Amino acid sequence: MAKKVELVCPAGSLPALRAAVDNGADAVYMGFRDGTNARNFPGLNFDERAARDGIRYARERGRKVLLALNTYPQPQGWKTWTGAVDKAAELGVDALILADIGLMRYAAKTHPQLRLHLSVQGSATSHEAINLYREQFNIQRVVLPRVLSLPQVQRVMDNTEAEIEVFAFGSLCVMVEGRCYLSSYATGESPNTCGACSPAKAVEWRETAKGREVRLGGVLIDLYKPGEAAGYPVLCKGRYEVNGEVNYAIEEPTSLSVLDILPELVRMGISAIKVEGRQRSPAYVAQVTKVLREALDAAERSPETFSPRSDWVAALDKVAEGSTHTLGALDRAWQ
Amino acid sequence: MKLALGPLLYFWSRDDVLAFYRQACDWPVDVVYLGEAVCSKRRGVRLEDWLAIAEELSAAGKEVVLSTLALIEAESELLTLRRIVDNGRYAVEANDMGAVRLAAGKLPFVAGPHLNAYNCETLGLFRDLGAQRWVMPVELSRDTLAAIQACRPAGLETEVFAFGRMPLAFSARCFTARHYNLPKDDCQLRCGDFSDGLVLNSQEGEQFLAMNGIQTQSAATCNLIGAVPELKELNVEVLRLSPQSRHMDKVVAAFRTVIDGTLTPQQGVEAMAGLTRGEPCNGYWYGSAGLAWLEQDEVRAARAQSGG
């Protein structure tokens, strides 16, 4: 019998944390209210008091709390990041999710009892990379970037003792996480430096005779016809002109969903599946957590006969970016 | 201050590659990075060929470093990586943490621009594992570099990406193949048709990005020639010039003359007019959006504002 797969859900706020716990998350992940985490958006995240309340709420119900400190500190801000590590240790979170090697070094040295996970922002895509983090910092778990096919994930697992966590649902990063500077190229702020991709303050909407323009840092990234649905503008999901053709040259607005391959993930011995979306509403968190809880339980109970229920698919597509889903890189054809 | 030719990021024909590096033997560059850093499907120039090119460049007095793939996904890519690390003669540029693990304690390495070194503690680890040089991530600014230089570990050289279309992102997906509706497994190596990348424009015709297979670059060309005095002042040892298909000899010459003081930085900027493949940009260096180009007076204003 394989070990149970942990369902890890996003907590961008205390209500979202409660929604995740109430709907069956095994663990929630959250960040502090500053640039130390990769969802640094106005109004999101936890100050110390909310963090304490959230941890208590989850613990009383037997769930874990992971804390994301997954941006890259520069010397000018170093003390803020190490302060966040110390604070997390004091709060007693179940694990820290780190990306920066320097910060890992600090955490491993200063708080050796603290469990460390390697963030997706750490960009470890091979067992050689993962094992370096393991040897140097005793990393217990790795969140894989969304670039590997399923056989490649298996190959990684065959060659490392680290637990493997993969993304199960949510907005799809097309680029290797942690190594994408598209946002700072247009706006000056990136996930690595500021914890924000396509920061809200750089977004401009304008109604024009041609349609509704959206710009990021002044660059026109899309133009919507009247009545056309518009999502949150990220650079990699805009429409551009290449060789005279205008289309989604990088990726369509779409969400990742692994519903179709849950039994394979269970069989492979994946340790955890993760839901993206700390920037989304508590209602989103509740909906997605509920569906994935049911689906994961079903896949673990009877992997041979598992098939995604149509009401699950519909419920997830309703909250998906572009109202549609893909397996992303896990499926070779997408690449 | 040394000049380096960064690894060739495009898929040029074997003849073009050989011709390019034959010319480079005579250019005033000190370091040359060789090898495929973007896509393992590009096999026009094999490791044996790179080693032969390395031999010629070494004979011409250049320091040669073998660059490794930035995004490693397949087991076959790890095999190639091991062969590069075990070359027995040249240092390697590690562009992935897997490469760092393989090189650690075995041979001196350069911590490449894709390793995410944003602070001195990170550099300390790289130095302890055997790094002799690090390349600053392209999105970092002059102010951050100043702070890092103040605490960088002894014995570690600093290299800054000073010229060329900047690598901004990597993906499992090949965007050039996608443009032609080809699956990646049958990409027909169409990236070979674009010697400086395939430009992606905004819908109002602004050149924005350049697609180079699985790598996304800036359409604008980074040009820090005007910042050479600041780079010197910050004790940067090496400037990286990333190869483009044309005028590379003139680009190298312009940087060399500004470093030597034969041309002023402003004269250097003028000498570079028309030599960049895209519009010039220097925004990252001044703490701005990467695509921006700041003129000297704007640079001065920015400096006054930051109190530097």
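The structure displayed is predicted, hence computed values, not measured ones.

### Considering the overall build of chain A
Counting secondary structure elements, chain A contains eleven helices and 15 strands. The C-alpha atoms of chain A give 20 Å as radius of gyration, which agrees with the globular expectation for 335 residues (20 Å, within 12%). Summarising its shape, the C-alpha atoms of chain A cover approximately 60 × 55 × 40 Å along the three principal directions. Put simply, of all contacts in chain A between residues at least 6 apart along the chain, 63% involve residues at least 24 apart.

### Some words on the domain arrangement of chain A
All names here are of chain A. Looking at the assigned domains, one finds that chain A contains domain 1 (6-172 + 254-334) and domain 2 (182-247). At the junction of the two partners, domain 1 supplies 14 residues and domain 2 supplies ten residues. The largest per-residue losses of area from domain 1 upon contact with domain 2 belong to Phe41, Tyr72 and Glu321, which jointly make up 40% of the total buried on that side. Here domain 1 and domain 2 share one salt bridge between them. With its nearest N and O atoms 3.1 Å apart, the salt bridge here joins Glu321 to Lys237. Across the contact surface, domain 1 and domain 2 share six residue pairs in polar contact (both at pLDDT 80 or more).

### What to know about the nonpolar core
Leu96 of chain A together with Tyr21 and Phe255 of chain B are the most contacted members of the largest nonpolar core, which has 229 residues in total. Tallying contributions element by element places helix α10 (residues 282-301) of chain A first for this core, with ten residues. Two domains each put at least three residues into this core: domain 1 (6-172 + 254-334) and domain 2 (182-247) of chain A. Excluding anything up to four places from it in sequence, Leu96 of chain A contacts Leu67, Leu69, Val85, Ala88, Ala107, Leu114, Arg115, Leu116 and His117 of chain A. One finds Val8, Ala27, Ile97 and Ala272 of chain A within the second-largest nonpolar core, a separate group that totals eight residues.

### Some points on unusual backbone geometry
Residue Asn138 of chain A is not a glycine yet carries a positive backbone phi of 55°. Summarising the element assignment, Asn138 of chain A is placed in the loop between α5 (127-137) and β6 (141-143). You can call Asn138 of chain A partly exposed: its relative accessible area is 47%. With phi around 55°, Asn181 of chain B is a residue other than glycine that occupies positive phi space. Here Asn181 of chain B lies in the loop between α7 (175-179) and β8 (198-201). Judged by its relative accessible area of 70%, Asn181 of chain B is exposed.

### So, the packing of aromatic side chains
Residues and elements named next belong to chain B. Inspection of the entire model under this criterion finds 13 aromatic pairs over all chains. Centroid distance Tyr180 to Phe194: 6.4 Å. Interplanar angle 25°. Geometry classified as stacked. With Tyr180 in the loop between α7 and β8 and Phe194 in the loop between α7 and β8, this residue pair connects regions lying 14 residues apart in the sequence. Overall, Phe194 belongs to the buried group, its relative accessible area being 16%. In this structure an aromatic cluster arises from ring pairing among Trp12, Phe20, Tyr21, Trp27 and Trp50. In this structure, Arg190 is placed above the aromatic ring of Tyr180, and the distance from its NZ or CZ to the ring centre is 3.9 Å. Across from the ring centre of Tyr33, 4.2 Å away, lies the NZ or CZ of Arg240, which sits over that ring.

### Examining the pairing of strand β9 (residues 211-216) of chain A
Residues and elements named next belong to chain A. The element β9 is extensively covered by neighbouring structure, given that five of its six residues are classed as buried. Pairing of strand β8 (residues 203-208) with β9 involves six bridges; the strand directions are antiparallel. Bridge pairing in β9 links Glu207 to Arg212. Here β8 folds back onto β9 in antiparallel fashion, the turn holding two residues. The pairing of β9 with strand β10 (residues 219-224) spans five bridges and is antiparallel. Bridging across to β10, Leu216 finds its partner in Val219.

### Some words on the state of the cysteines
All names here are of chain B. Under the definition given, this model contains one disulfide over all chains. Put simply, Cys120 and Cys151 are joined by a disulfide, and their sulfur atoms are 2.0 Å apart. One disulfide, between Cys120 and Cys151, carries an S-S torsion of 85° and so falls in the right-handed class. Taken together, the positions of Cys120 in helix α5 (residues 120-129) and Cys151 in helix α6 (residues 142-151) put the pair 31 residues apart, joining distant regions of the chain. Owing to a relative accessible area of 7%, Cys120 belongs among the buried residues under this scheme. Free cysteine Cys39: the closest other cysteine sulfur is in Cys187, separated by 6.4 Å. Given the relative accessible area of 15%, Cys39 is considered buried. As a non-bridged cysteine, Cys174 has Cys187 as the owner of its nearest cysteine sulfur, 5.8 Å distant.

Parameters at a glance
- Residues numbered from 1 in each chain as written.
- Chains lettered and ligands numbered in written order.
- Predicted model: local features only at pLDDT ≥ 70, side-chain atom pairs only at ≥ 80, totals over all residues.
- Heavy atoms only, no water.
- Helix = DSSP H or I, 4+ residues; strand = E, 2+ residues; numbered from the N terminus.
- Rg over C-alpha atoms; globule rule 2.2 N^0.38 Å.
- Contact = heavy atoms within 4.5 Å.
- Domains from an automatic or database assignment.
- Buried area = accessible area lost by both parts, 1.4 Å probe.
- Salt bridge = Lys/Arg side-chain N within 4 Å of Asp/Glu carboxyl O.
- Polar contact = N/O pair within 3.5 Å; in protein donor to acceptor, adjacent residues only side chain to side chain.
- Core = buried A, V, L, I, M, F, W, Y, C linked by side-chain atoms within 4.5 Å.
- Buried < 20%, exposed > 50% of the residue type's maximum accessible area, 1.4 Å probe, protein only.
- Phe/Tyr/Trp six-rings, centres within 6.5 Å; stacked < 30°, edge-to-face > 60°.
- Lys NZ or Arg CZ within 6 Å of the ring centre and 35° of its normal.
- Pairing = 2+ DSSP bridges.
- Disulfide = S-S within 2.5 Å.

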